[in-house]
Amino acid sequence: DQVEALATSGAFDAFGVARRTALWTAGVAATARPGQLDVMTFDESAVPALPPMTEPEQLIADMWATGITTDAYPTAMIRDRLDALGIITAAGLRSLDDRTRVTVGGVVTHRQRPATARGVTFLNLEDETGMVNVIVDEVVWGRHRRVARESGGLLIRGMLERTGDVINILAERLDKLNLGLRTSSRDFR
């Protein structure tokens, strides 16, 4: 399992072994000596000619193996679709005026509902350009609870609130954003 995760994440790229080749040979390594890694079992001559992973496949592999990606970001892969829907990027929010109604979308990185916040939940969304702070009041959270708690990606319509350099989105509506892969957030109480 560990060798498969390393191969999937591209850990053997530095040795000139492509991900698909490393994955293929990870199976051989696991059967040659269960529970131990025998570097000698990585015989690339026994591997069929495999095409390199496409960018979306590599992104999915990175997210599965490590929970992060260093090349493309999930929202970058669907940016054309998001642009067509009028979704503003995190970087794009900086050029908008206070009290502008916007729709943002991204990967949920944090959900937090402190006991002192009187039912308010704070979310962080991330797209390929940065982070978006989202404030979800108790009424909106209650209306969209299931989507808000279970979705790895969200589209959030709300009001931009600017205080100096700090930008927040006061959420009015939350919808699931299908990213085509599983993500997980760090959730706090």
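Structure: above.
The sections below set out a description of the structure shown in this document.

The rules we used
Residues numbered from 1 in each chain as written. Predicted model: local features only at pLDDT ≥ 70, side-chain atom pairs only at ≥ 80, totals over all residues. Heavy atoms only, no water. Phe/Tyr/Trp six-rings, centres within 6.5 Å; stacked < 30°, edge-to-face > 60°. Buried < 20%, exposed > 50% of the residue type's maximum accessible area, 1.4 Å probe, protein only. Salt bridge = Lys/Arg side-chain N within 4 Å of Asp/Glu carboxyl O. Helix = DSSP H or I, 4+ residues; strand = E, 2+ residues; numbered from the N terminus. Pairing = 2+ DSSP bridges.

Remarks on the packing of aromatic side chains
By the definition in use, this model includes one aromatic pair. Between Phe 12 and Phe 15, the ring centres sit 6.4 Å apart and the planes meet at 40°, which makes this aromatic pair tilted. Its relative accessible area of 65% is what places Phe 15 among the exposed residues.

Here's the deal with the pattern of salt bridges
The final tally for this structure, using the stated rule, is seven salt bridges. Here Arg 157 and Glu 172 are joined by a salt bridge, their closest N and O atoms 3.8 Å apart. On the criterion of sequence distance, the pair formed by Arg 157 in strand β4 (residues 153-163) and Glu 172 in strand β5 (residues 166-176) is long-range, its members being 15 residues apart. Between Asp 175 and Arg 173 there is a salt bridge whose closest N-O contact spans 2.9 Å. Connected via shared salt-bridge partners are Arg 79, Asp 83, Asp 127 and Glu 128.

Focus: the pairing of strand β3 (residues 130-136)
One ladder, built from seven bridges, connects strand β2 (residues 121-127) with β3; its direction is antiparallel. Each bridged residue has a counterpart across the sheet, and for Asn 124 the counterpart in β3 is Asn 133. Between the end of β2 and the start of β3, which pair antiparallel, lie two residues. With three bridges joining them, β3 and β5 adopt parallel strand pairing. Opposite Asn 133, over in β5, you have Asn 168 as the bridge partner.

With respect to unusual backbone geometry
One non-glycine residue, Arg 99, lies in the positive phi region at around 70°. Structurally, Arg 99 is set in the loop between α5 (79-84) and β1 (101-112). Backbone geometry places Arg 118, a non-glycine residue, at a positive phi of 50°. Within the fold, Arg 118 resides in the loop between β1 and β2.

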